[in-house]
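Next come the chains, spelled out residue by residue.
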Amino acid sequence: RDVTSEKPNHSPASFVPKIVGDLVCSLDHAKKGVNDSGTVFWDTRLEGEYTGEINRGNAADRVGHIPGAVHLEWSTLIEQSTQTIKPANEIRAILEAKGITPDKEVLTYWQGGMRAAHAVMILKLMGYNKARNYDGSFGDWSRQSDTPIE
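Rules used throughout
- Residues numbered from 1 in each chain as written.
- Predicted model: local features only at pLDDT ≥ 70, side-chain atom pairs only at ≥ 80, totals over all residues.
- Heavy atoms only, no water.
- Buried < 20%, exposed > 50% of the residue type's maximum accessible area, 1.4 Å probe, protein only.
- Helix = DSSP H or I, 4+ residues; strand = E, 2+ residues; numbered from the N terminus.
- Pairing = 2+ DSSP bridges.
- Patch = residues over 30% accessible without salt bridge, like charges linked within 9 Å, V, L, I, M, F, W, Y side chains within 5 Å.
- Areas by Shrake-Rupley, 256 points an atom, 1.4 Å probe, with all protein chains shown as cover.
- Salt bridge = Lys/Arg side-chain N within 4 Å of Asp/Glu carboxyl O.
- Contact = heavy atoms within 4.5 Å.
- Axes fitted to C-alpha atoms, helices over the stretch in contact; angles between N-to-C directions.
- Phe/Tyr/Trp six-rings, centres within 6.5 Å; stacked < 30°, edge-to-face > 60°.
- Core = buried A, V, L, I, M, F, W, Y, C linked by side-chain atoms within 4.5 Å.

Q: Hey, could you run me through the pairing of strand E6 (residues 105–109) in this one?
A: Burial runs high along E6: five of the five residues are buried. On E6, burial covers both faces: Glu105, Leu107 and Tyr109 on one face and Val106 and Thr108 on the other are all buried. Where strand E2 (residues 39–43) meets E6, five bridges bridge the pair, whose relative direction is parallel. Opposite Trp42, over in E6, you have Thr108 as the bridge partner. In this structure, E6 lies alongside strand E7 (residues 131–134), joined through three bridges in parallel fashion.

Q: In this structure, what is going on with unusual backbone geometry? I would like to understand it.
A: Most peptide bonds adopt trans geometry, and most residues besides glycine take a negative phi value. Here Gln83, not a glycine, exhibits a phi torsion of approximately 60 degrees, which is positive. Gln83 gets classed as exposed once you look at its relative accessible area, which sits at 55%. If you check the backbone angles, Ser137 has positive phi at about 55 degrees while not being a glycine. Along the chain, Ser137 falls in helix H5 (residues 137–142). The exposure class of Ser137 is buried, given its relative accessible area of 0%.

Q: Just checking my understanding: could you explain a nonpolar patch on the surface for this structure?
A: On the surface, Ile19, Val20, Leu23 and Val24 cluster together into a nonpolar patch covering about 330 Å² of accessible area. Residue placement: Val20 occurs in the segment before strand E1 (24–25).

Q: Please clarify how the sheet that holds strand E3 (residues 70–71) should be interpreted in this entry.
A: Pairing between the strands of a sheet is mediated by backbone hydrogen bonds and can be parallel or antiparallel. Pairing is parallel in the open sheet, where five strands are placed in the order E1-E7-E6-E2-E3. Only two strands of the sheet have a single neighbouring strand rather than two, namely E1 and E3. Sheet strands touched by helix H4 (residues 114–125): E2, E6 and E7. Its angle to E7, the strand with the most contacts, is close to 175 degrees.

Q: Looking at this model, I keep getting lost on the pattern of salt bridges. Mind explaining?
A: Side chains bearing opposite charge may pair, as long as their charged atoms lie close to each other. A complete count under the given rule lists four salt bridges for this structure. We note a salt bridge from Arg56 to Glu49, for which the minimum N-O separation is 3.4 Å. On the basis of relative accessibility, which here comes to 40%, the residue Arg56 falls in the partly exposed class.

Q: Could you clarify how one ought to interpret the packing of aromatic side chains in this entry?
A: One pair of aromatic rings is described through two measures. These are the centre distance and the angle between the planes. Inspection of the entire model under this criterion finds four aromatic pairs. Seen in terms of ring centroids, Tyr109 and Phe138 are 6.3 Å apart; in terms of plane orientation they differ by 25 degrees. Their pairing is stacked. Here the residue Tyr109 occupies a position in strand E6, and Phe138 occupies one in helix H5, the gap between them amounting to 29 residues. Across this residue pair, the class does not change: Tyr109 and Phe138 are buried.

Q: Teacher, can you tell me more about the nonpolar core here?
A: In summary, soluble globular proteins display a tendency toward joint burial of nonpolar side chains. Trp42, Leu95, Ile100, Val106, Leu123 and Tyr128 are the most contacted members of the largest nonpolar core, which totals 15 residues. Mapped onto this core, the elements with two or more residues apiece are E2, helix H3 (88–97) and H4. For this core, the element with the highest residue contribution is H4, accounting for three residues. Leu27, Ala30, Tyr50 and Phe138 belong to the second largest nonpolar core, which has 13 residues in total.

Right, here's the structure in full:
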């Protein structure tokens, strides 16, 4: 498509943000998901963050992952040569191989929620209607005194 460097002339508009509740996972909601067979936690961080080898600023005794979480780096779903999202059939195979299936509630997390939001967007596009982003993510989880870590 055509590209221009001219400044567009748009009428002023107002934006009113609105939280879509079924996209967000709170700390309390995440706690209820631990040991729930209908819930899968998808850790989208680097392998070393998942294993605890990289602490990302978390306390040394609070590294690792949420119990039962599956590890699948968010970038696995990106075609590296083009920086585009992989085809749906490839994504579905990758997710299902990790136990991330549409019948489960999928709670995604990262260190602070941003890359996990990318994962939720892909899940929603793939028809995973019970996907939520734990936006506090592992940074929040690791700061709690009552949250288990593997």
